[in-house]
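Structure at a glance
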Amino acid sequence: MKKRAIPQLALAVSLLCVSVPLFAHHGTAAFDDKKVTLKGTVTEWFWSNPHCLLQIDVKGDNGQIVHWIGETQNPVTMVNGGWSKASFKPGDEVTVTIMPVKNGAPLGRIMTVLLPNGKTLDANAGTRTYK
């Protein structure tokens with residue numbers, strides 16, 4: 001009996017050690033706490049797992065175009081908040097509130113998007129909270 005328990009315990013500990021880093025992927029350590037509002041033109045909207053991505057061109061302070069990429073949650077969560085595969089199309093003028101990454105790259109987590117028709121999409125609207 002003891003001979004089987006040790007390998008099973010070793011396997012269980014190994015699986016636990018390997019799986020723990022998987023939970024770190026969904027942390028917010030890479031993002032700054034400040035929010036930035038960007039006005040720009042949609043170039044692409046990726047409706048895919050594990051995260052939806054919105055690409056927009058924004059005119060920078062120096063007049064140059066900066067290509068920003070904002071991520072949201074997965075499509076299932078976004079549908080619950082009113083988002084869809086057809087929420088954006090290339091050429092749409094949008095205003096995006098984003099939490100940028102700390103390293104200064106033009107990337108971030110989308111908080112809200114103001115659409116050309118005046119409707120606001122909230123990236124956290126479909127998120128469920130458990131107590």
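For the structure, see preceding data.
Residues numbered from 1 in each chain as written. Predicted model: local features only at pLDDT ≥ 70, side-chain atom pairs only at ≥ 80, totals over all residues. Heavy atoms only, no water.

Comments concerning the packing of aromatic side chains
Threshold: Any Phe, Tyr or Trp ring, taking Trp's six-membered ring, that has another such ring centre within 6.5 Å forms a pair; planes under 30 degrees apart are called stacked, those over 60 apart edge-to-face, and the others tilted. Type-normalised accessible area, obtained with a 1.4 Å probe on protein chains alone, sets the label of each residue: buried when under 20%, exposed when over 50%, and partly exposed for intermediate values.
All told, the structure shown has four aromatic pairs when counted by the stated rule. When the centroid spacing of 5.8 Å and the interplanar angle of 50 degrees are considered together, the rings of W45 and W47 count as tilted. Overall, W45 belongs to the buried group, its relative accessible area being 12%. For W47, a relative accessible area of 22% corresponds to the partly exposed category. Summarising the aromatic geometry, the rings of W83 and F88 are spaced 5.8 Å apart at their centres and angled 65 degrees between planes, so their arrangement reads as edge-to-face. Across the pair, F88 and W83 agree in class, each one buried. An aromatic cluster of at least three residues, connected via ring pairs, comprises W45, W47, W83 and F88.

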